[in-house]
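Structural overview
Below are the chains, spelled out letter by letter.
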Amino acid sequence: MSETKDCNGNTIPLYSKGTVAGCTTVAGAVPESSVYSLKVNLTAKEKSFPKPGQFYMIRATKGKTLLGRPISVFHSEISKPNKENPKLFDGQIEFLILKKGKGTEELCSLEKSDSVDILGPLGNIFPRPKAKKTGDKNSKPEICIIGGGIGVAPVAGFAETLEAKSYDFYASFKSGKYGLKNLKASKLTVTTDDGSCGIKGMLPKAIDENTIKEKGYKVIYACGPTPMLSYVKTIAEKAGVKCWLSMESKMACGMGVCLGCTIETTEGYKRCCKDGPVFDGTKLIFNKPSAPAPQIIEARNNKKVKPDLSVKIRDVVLPNPVIGSSGTFGFGVEYKDVFDVNKLGGISSKGLTLEPRQGNSGIRIWETPSGLMNSIGLQNPGIPHFIEHELPAMLKLKPVTIANLSGSTLESYVEGAKLLDKTQVPVIELNISCPNVSAGGAAFGMSCSTAGEITRAIRAVTKKPLIVKLTPQASDVVGVALACIEAGADGISLCNSFQGVAIDIEKGRPVFDKVKAGFGGPAVRPIAVRLVYEVCSAIKQLPKEKQVPVVGIGGVSTWEDAVEFIMAGATAVQVGTNTFANPNTMIEIVDGLKSFMARKGFKTIEDFRGCAL
C-alpha cells in the first residue's frame, strides 16, 4: 500500500484489500444482532490512515452485491511498523454497521481472516474546534456532540480525538444504546424513544435552543437520521451557534465522479462523498420527505391483522399471489419432493403447443453474472398428451393450474384452445411472447392488431378465464395490453423473456444456434416493473368493468421484489429463473409477504396493490 498525494497535499484514496480481524454483534443494540462491529486490519503509510469524519466504501470480497457500502470510521489505530516494509504501518479500523440490506448483511456475515475490498479514506473531516485561551477560568464544555442511531459512530470517533471532558455528548436511540464505549465526555446524555435507557423520548427531550444557550456551547457536531439533523440545524441557528453535520446519501463511486450522492445546499447540489460528508449546517437545505401512500397510512392503524393473501383472476381464486412461471417449473409435480408446492398460489405449465415439439438444437442455456439466457424452443409433449398425462397430476395439486397455450399459427392456437376448453383446467395463459421460436410466438404479440386478433380468436372458442402473456419486445406494450383487454382478455401477464445475444469468445461465434435467446433474472426486474407500472396505470384509466388483473413477471427473487410489483399494480407475480438458484424461493416469498402484511397492517393484497401508481 503506497501513499499518493494530489497537488493540494490531500491524501488520494487507495483501493485495496483488508483482512477481517473480527465481526461481532454490538451489545446494547435493539433489536439484538442489528448492529455489528467490523474490525479490519490494514497496512499503509502512517498518513494514509483515516481522520475523524471520513468513511470507506466497503464490500465483502466474497459478496454478491455490485457496489461497496459507505461506512463511517468508528475507531482507528496504528499498531506498529510492518515487518516486511518498515516504511508501512500495520493498523486496524473499526466500523459500526447497521444490518439493513443485502450489502450490510454480507458485511455483518464476515468471519475472521475474510477479505474485504475497501476504498478510502474518503470525504472531508470534522473541523477541529478552537482551543480555549490559556488561563480560561470557564470550565464548562463549549463543544456539543450529538449522535443518533448508527450516526453515533463517526461523531464518537471524532470525540475520541478531543481532550477528555472538553465536550458534552448526546446520544439518541429508538431503543437501547451502543457505540459509547470510547467516550470521555464531561456529560453523557442518552435518550430512547421507548424509555429503555436514559430519558424517555427523542432528542428534543434532551436539548433545544435554550439548552444550547444555557450550557454555553460554541459549536455543535452531529450525525444521525435526516429528521434529527434538520432539528439540530434549526436549534443551532436559533441559538446562534455554528453546527457541522455529517450527512448520508446512497453512493456508487465514493470518489465524486458519478454525482449520485448529491445533497441540496444553498450553493447548489453538493456531493456527499467529496464535498462532504461533513457540511456547514447553515448551508444545508432539508426538504420534507415524501409522504407515504394513503393505503400505507391507513394500514398502520390496523392492529393484530391476520393477512389474507388470496387474489382473484376473474372468478378463479388463488390462495396467494405467487405463481410458478411457465417454462421454469415444469408441471409442478417435478418439484413436489423438493418443497411443498401446495403452498403456492398457482402453477403455469410448460408452454404447450398443439403438436409435440423437440425444441431448439445446440446450447440451450447460458449463465450470465446477472441472469440466465435460454433457447429451449418450446419443447413440450403436445396438448393432447398434456391433457391425458400431465394435467391430471397438476389438478391434484392445491395451486391453481394454469395452462400456457402457445403455437405457430392462428389455427394451431385455436385448435389447442378448443382442446383445453373441454378440460377441467381453470385458467388459460395465452403465450404470444415466446422469443425462441422461428414462427408464431412473439410475432403475434408485437403489434396491437395481431395481439387483438389472436386474443379475439381464442376468446371465441373458450369461456375459461384467459390471461394473455406479452413480450417486452413490442414497441407499444401498453397499446398491445389494451388491445388484448378489448378483445376479451381477463388478465395480462408481463413480461416474457427479453432478447439477448451471447458470444463464445473462445470460438468467436454466437453461443446459440438461433443467435438470439431469451434473458431473464434479477437484471431485468427494474424494466419489468416499469412495464407493469405503465400497463397498470393505463388499465386504471379504463371503466371499472373493463379493468383486469396483471401478473408481474421478471427477476422476482425475494418477497421484496413481489411487493414492488404489487405496489406497481400487479395482482400476482410469477417466479422463474430464481427457482433454479434457490428452489425454496417461492415459499420464502409467500412467507415474506405474509410477514410484511402483518407488520404493515394490510388485510389483503388489494390494500396495497397499486399504491405507487
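Structure: see above.
In this report, the structure presented in the accompanying data block is examined. (Residues numbered from 1 in each chain as written. Predicted model: local features only at pLDDT ≥ 70, side-chain atom pairs only at ≥ 80, totals over all residues. Heavy atoms only, no water.)

Right, let's get into the overall build of the protein. Summing up its helical and strand segments, the protein has 13 helices and 31 strands in all. Overall, the C-alpha framework of the protein stretches about 100 × 60 × 45 Å when taken along its three principal axes. Looking at the protein as a whole, 53% of its 613 residues qualify as buried. Across the protein, contacts joining residues at least 24 apart in sequence account for 66% of those joining residues at least 6 apart. For the protein, the accessible area works out to roughly 28,700 Å², and carbon and sulfur atoms hold 52% of it. (Helix = DSSP H or I, 4+ residues; strand = E, 2+ residues; numbered from the N terminus. Buried < 20%, exposed > 50% of the residue type's maximum accessible area, 1.4 Å probe, protein only. Contact = heavy atoms within 4.5 Å. Areas by Shrake-Rupley, 256 points an atom, 1.4 Å probe, with all protein chains shown as cover.)

A word on helix H9 (residues 477–486). The element H9 is extensively covered by neighbouring structure, given that seven of its 10 residues are classed as buried. Those residues of H9 that fall on the buried side of the exposure criterion are Val477, Gly479, Val480, Ala481, Ala483, Cys484 and Ile485. Buried residues along H9 sit in contact with helix H8 (448–459), strand E24 (466–469), strand E25 (491–494) and helix H10 (525–540). Just downstream of H9, Gly488 is the residue with a positive phi angle, here 120 degrees.

If you walk through the whole model with that rule in mind, you get 19 salt bridges. Across the pair Glu415 and Lys418 runs a salt bridge whose closest N-O atoms are separated by 3.5 Å. Placement of both Glu415 and Lys418 in helix H7 (residues 410–421) is noted, with a separation of three residues, approximately one turn of the helix. We classify Glu415 as partly exposed; its relative accessible area is 37%. Salt-bridge contacts for Arg525 lead to Glu564; the nearest nitrogen and oxygen are separated by 2.4 Å. Taken together, the residues span a long stretch of sequence, with Arg525 in helix H10 and Glu564 in helix H11 (residues 559–567) at a distance of 39 residues. Judged by relative accessible area, which is 35%, Glu564 ranks as partly exposed. (Salt bridge = Lys/Arg side-chain N within 4 Å of Asp/Glu carboxyl O.)

What follows concerns H10. The terminal C-alpha atoms of H10 lie 22 Å apart, and with 16 residues this matches the ideal 22 Å at 1.5 Å per residue to within 8%. By the burial criterion, the buried members of H10 are Arg525, Ala528, Val529, Leu531, Val532, Val535, Cys536, Ala538 and Ile539. Among the structural elements, H9, E25, strand E26 (498–501), strand E30 (550–553) and H11 are those in contact with the buried residues of H10. (Expected span 1.5 Å × (residues − 1).)

For the rest of this paragraph, the subject is the packing of H9 against H10. One can describe the packing of H9 onto H10 by two numbers: an axis separation of 9 Å at closest approach and a directional angle of 45 degrees. Considered as vectors, H9 and H10 are oriented oblique to each other. Taken as a pair, H9 and H10 cross one another with a handedness that is right-handed. On H10, the residues that touch Val477, Val478, Ala481, Leu482 and Ile485 of H9 are Leu531, Glu534, Val535, Ala538 and Ile539. Its residues placed into classes, the contact of H9 with H10 shows nine nonpolar, no polar and one charged. (Axes fitted to C-alpha atoms, helices over the stretch in contact; angles between N-to-C directions. Parallel < 35°, antiparallel > 145°, perpendicular 65-115°, else oblique. Left-handed = near helix turned anticlockwise from the far one by under 90°. Nonpolar A, V, L, I, M, F, W, Y, C, P; charged D, E, K, R; others polar.)

Strand order around the closed barrel formed by six strands is E1-E2-E5-E4-E3-E6, with antiparallel pairing between neighbours. On average, each strand axis in the sheet is inclined to that of its neighbour by 40 degrees, with strand direction left out of account. Sheet strands touched by helix H2 (residues 152–160): strand E4 (69–81) and strand E5 (89–98). Its angle to E4, the strand with the most contacts, is close to 30 degrees. (Pairing = 2+ DSSP bridges.)

Bridge count for strand E11 (residues 219–223) against strand E12 (residues 242–246) is five bridges, and the pairing is parallel. The partner of Ala222 across the bridge, within E12, is Leu245. Handedness of the E11-helix H4 (residues 226–239)-E12 crossover: right-handed. In the sheet, E12 pairs with strand E15 (residues 278–280) via three bridges, with the strands oriented antiparallel. Along E15, the bridge assignment pairs Trp244 with Asp280. (Right-handed = clockwise from strand over helix to strand, strands pointing away.)

A few words on the environment of Leu284. Examined against the element boundaries, Leu284 turns out to sit in the loop between E15 and helix H5 (294–300). Put simply, Leu284 and Tyr269 are 15 residues apart on the chain and 9.7 Å apart in space, counted from C-alpha to C-alpha. When neighbours within four sequence positions are excluded, Leu284 is seen to be in contact with Lys233, Leu245, Met247, Ile263, Glu264, Thr265 and Phe279.

All right, on to the packing of aromatic side chains then. Tallied over the full model, the rule gives 15 aromatic pairs. Pairing Tyr170 with Tyr217 gives two aromatic rings, centres 6.4 Å apart and planes at 90 degrees, and the pair type is edge-to-face. Of the two residues, Tyr170 sits in strand E8 (residues 167–173) while Tyr217 sits in the loop between helix H3 (209–215) and E11, which places them 47 residues apart along the sequence. An identical accessibility class is assigned to Tyr170 and Tyr217; each is buried. Among the aromatic side chains, those forming a connected cluster through ring pairs are Trp559, Phe596, Phe602 and Phe608. (Phe/Tyr/Trp six-rings, centres within 6.5 Å; stacked < 30°, edge-to-face > 60°.)

To continue, consider the environment of Ala156. By the secondary structure assignment, Ala156 is in helix H2. Exposure remark for Ala156: the relative accessible area of 3% places this residue in the buried category. Sequence-distant contacts of Ala156, defined by excluding residues within four places in its chain, comprise Phe74, Phe169, Gly179 and Leu183.

Next up on the list: the state of the cysteines. Counted according to the given criterion, the structure contains zero disulfides. Sulfur of Cys144: no disulfide; nearest cysteine sulfur belongs to Cys243 and is 10 Å away. Given a relative accessible area of 0%, Cys144 falls into the buried group. Cysteine Cys197 is unpaired, with the sulfur of Cys144 as its nearest cysteine sulfur at 20 Å. (Disulfide = S-S within 2.5 Å.)

It is worth spelling out unusual backbone geometry at this point. In this chain, Gly120 is followed by Pro121 through a cis amide linkage whose omega measures 0 degrees. Its place among the elements puts Pro121 in strand E6 (residues 115–122). The residue after Leu494, namely Cys495, is reached through a cis peptide bond having omega 10 degrees. Positive phi values are uncommon outside glycine, yet Lys165 reaches one of about 70 degrees.

The values are spatial; any link to function lies outside them.
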